[in-house]
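So you can see what is in the structure, the chains are spelled out below.
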Amino acid sequence: MNNLDKQYTDLLQDILDNGVRKQDRTGTGTLSVFGRQIRHKMSDGFPLLTTKKMPFRLIATELLWFLRGDSDIRFLWENNCTIWDGDWYKQYKTTCSEPYTLEEVKQKVKDGDHHFHDSMFDMGPIYGKQWREWNTLKWETTNQIDPSHPDRPMLKWKLDGIDQIANLIRDLKTNPDSRRLMVNAWNVGELDSMVLPPCHYGFQVYTRELSLEERGELVMSGKYEVTHELDFVSNKIPRRAISLMWNQRSVDTFLGLPFNIASYGLLLEIIAKEVNMVPDELIGNLGDTHLYLDHLDQAKEQIGRELSESERYKIFEDRGYEFRMVKDWSKEEQYDKAGIPKRTREPYPLPKLLCLDEFHYLMDEELVGEVPFPEKIEKFRPDFFTLGNYQAHPHIKAPLSN
């Protein structure tokens, strides 16, 4: 069942019908609505849109960049990911009196040119830095005695980094009913140091116990190896379902939102795998939800339109079908039975996420067994994750506003 594409195209139509014109930092202008939501059951399939082809590998690359706590754009370049090029190059041009072109910089990096300082490629304390090393000041005991209090040592401030992802994994394993299972990227004190403040600024996860019936369905699905009856009550069969809800202040609905949905879907799958839970529901809370004014035609193309009877008949005929004299079957019913689309961009079934098992997920021997998640994530590669049976309509090109 693919309700995701319908939610998304309904959202596009909502903005076209109800959006108000607003100016924005890019100078492009938008049609904007406020306060919308996307909800998706992960059991219905992996949340990658089918009404236009999506570059899943780029999505996986960016997510792994975040999870590594990386803010150096060269990791993205090494994996042929261009998502952040515009924002990085905009920053780069402000720091150089005679900047190279973006392609010249990339080529020099590829050729091993050491002319550039490493700091030039840093994007500031953006998503990954906040997820993995949120800066905080803590009191630390020293070896010196406090003159005003001879009975106790002096204290000093120490800058420390909080690994929110590691803490989340630990808490899911030790206190899964906690209401504090949250990760935040909106660090007010460091916004000015970021090349771009976070659009999706935080997420929360929620777990619940699976019923015996639900666990039985997992056994019947064949996804888990069961050798005897005791396996059913062991921890090998997940005991909990896990959901993820992300919050987003600003939503580039045509280009950005499809990436965000799939990225958080993949994040939910990765976390669920690590803590042996079943991915349940993915929820996106959307603030300023907009279409750039130079995306309106593309949005209309993706929404599509109803096919006429003659258009459906042509597809029917092109596929080699012939009408049959079947009692009580109209032409429309025969079209439906033959799987003839009703719209120009009829959604396809959602794909399935493959290769998120022990063989592909932990390909290095050193990662087999109980290895802390922060160590595992350093070994992850975009090609660890692939999709099965992904069918999509052609890509729709649209300009990116930076």
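Now for a look at the structure at hand. (Residues numbered from 1 in each chain as written. Predicted model: local features only at pLDDT ≥ 70, side-chain atom pairs only at ≥ 80, totals over all residues. Heavy atoms only, no water.)

Looking now at the overall build of the chain. Regarding its fold elements, the chain presents 15 helices and 10 strands. With an accessible surface of roughly 22,000 Å², the chain has 50% of that area assigned to carbon and sulfur atoms. (Helix = DSSP H or I, 4+ residues; strand = E, 2+ residues; numbered from the N terminus. Areas by Shrake-Rupley, 256 points an atom, 1.4 Å probe, with all protein chains shown as cover.)

Moving on: a positive patch on the surface. A surface patch of positive charge is lined by Arg-25, Lys-90, Lys-93 and Arg-249. Here Arg-249 is to be found in strand S7 (residues 240-252). (Patch = residues over 30% accessible without salt bridge, like charges linked within 9 Å, V, L, I, M, F, W, Y side chains within 5 Å. Salt bridge = Lys/Arg side-chain N within 4 Å of Asp/Glu carboxyl O. Lys, Arg positive; Asp, Glu negative; His and termini not counted. Charge placed at Lys NZ, Arg CZ, Asp CG, Glu CD.)

Another aspect to go through is the packing of helix H7 (residues 164-174) against helix H10 (residues 256-275). Close contact between H7 and H10 brings their axes to 10 Å; oriented N to C, the two are set at 50°. The orientation of H7 relative to H10 falls into the category oblique. Considering the relative orientation of H7 and H10, their crossing is right-handed. Side by side, H7 and H10 meet where Leu-168, Ile-169, Leu-172 and Lys-173 of the first sit next to Ile-271, Glu-274 and Val-275 of the second. (Axes fitted to C-alpha atoms, helices over the stretch in contact; angles between N-to-C directions. Parallel < 35°, antiparallel > 145°, perpendicular 65-115°, else oblique. Left-handed = near helix turned anticlockwise from the far one by under 90°. Contact = heavy atoms within 4.5 Å.)

What the 6 strands build is an open sheet, ordered S1-S2-S8-S7-S6-S5; its pairing is mixed. Every interior strand has two partners, whereas the edge strands, strand S1 (20-22) and strand S5 (182-184), have only one. Pairwise comparison of adjacent strand axes, ignoring direction, gives a mean angle of 20° for this sheet. Where S1 lies against strand S2 (residues 30-41), 3 bridges are found, and the strand directions are antiparallel. (Pairing = 2+ DSSP bridges.)

Turning our eyes to something else, we now look at the nonpolar core. Trp-84, Trp-88, Trp-131, Phe-203 and Phe-385 are the most contacted members of the largest nonpolar core, which has 88 residues in total. In terms of nonpolar packing, the next biggest core, distinct from the first, is built from 5 residues, Leu-218, Ile-237, Ala-241 and Val-278 among them. (Core = buried A, V, L, I, M, F, W, Y, C linked by side-chain atoms within 4.5 Å. Buried < 20%, exposed > 50% of the residue type's maximum accessible area, 1.4 Å probe, protein only.)

Now for the pairing of strand S8 (residues 278-292). The two faces of a sheet get side chains in turn, since along a regular strand they alternate between them. Within S8, 13 of the 15 residues are buried, which leaves it mostly tucked inside the rest of the structure. Pairing between S2 and S8: 11 bridges, direction antiparallel. Residue pairing across strands places Ile-38 opposite Gly-284, the latter belonging to S8. Summarising the sheet, S7 and S8 pair through 10 bridges and their orientation is parallel. Counterpart to Ile-242 in the pairing with S8 is Pro-279. Of the crossover connections in this fold, the one passing from S7 over H10 to the parallel S8 is right-handed. (Right-handed = clockwise from strand over helix to strand, strands pointing away.)

For helix H4 (residues 85-95), the set of buried residues is Asp-85, Asp-87, Trp-88, Tyr-89 and Tyr-92. Against helix H3 (74-78) and helix H5 (102-110) lie the buried residues of H4.

With that out of the way, let us pick up the pattern of salt bridges. Using the criterion set out here, one finds 22 salt bridges in the structure. Between Arg-74 and Asp-72 there is a salt bridge, with the nearest N and O atoms lying 2.8 Å from each other. Pair check on accessibility: Arg-74 and Asp-72 agree, each one buried. What you see here is one network of salt bridges that share partners, running through Lys-41, Arg-208, Glu-214 and Asp-280.

This paragraph deals with the side chain of Gln-164. Counting through the fold element by element, Gln-164 comes out in helix H7. Using a relative accessible area of 12% as the deciding quantity, one classes Gln-164 as buried. Within the local environment of Gln-164, its side chain forms a polar contact with the backbone oxygen of Gln-130, the two atoms lying 2.6 Å apart. (Polar contact = N/O pair within 3.5 Å; in protein donor to acceptor, adjacent residues only side chain to side chain.)

For H10, spanning 20 residues, the distance from its first C-alpha to its last is 29 Å, which sits close to the expected 28 Å at 1.5 Å a residue. Residue Asn-276 follows H10 closely and has a positive phi angle near 55°. (Expected span 1.5 Å × (residues − 1).)

On to the packing of aromatic side chains, then. According to the stated counting rule, one finds 23 aromatic pairs in the structure shown. Judged by centre distance (5.5 Å) and plane angle (85°), the rings of Phe-46 and Phe-56 are edge-to-face. Here Phe-56 lies in helix H2 (residues 56-67) and Phe-46 lies in the loop between S2 and H2, a separation of 10 residues in the sequence. Side by side, Phe-46 and Phe-56 carry an identical accessibility label, which is buried. In this structure an aromatic cluster arises from ring pairing among Trp-65, Phe-66, Trp-84, Tyr-127, Trp-131, Phe-203, Trp-246 and Tyr-264. Sitting over the ring of Phe-254, Lys-52 keeps its end group 3.5 Å from the ring centre. (Phe/Tyr/Trp six-rings, centres within 6.5 Å; stacked < 30°, edge-to-face > 60°. Lys NZ or Arg CZ within 6 Å of the ring centre and 35° of its normal.)

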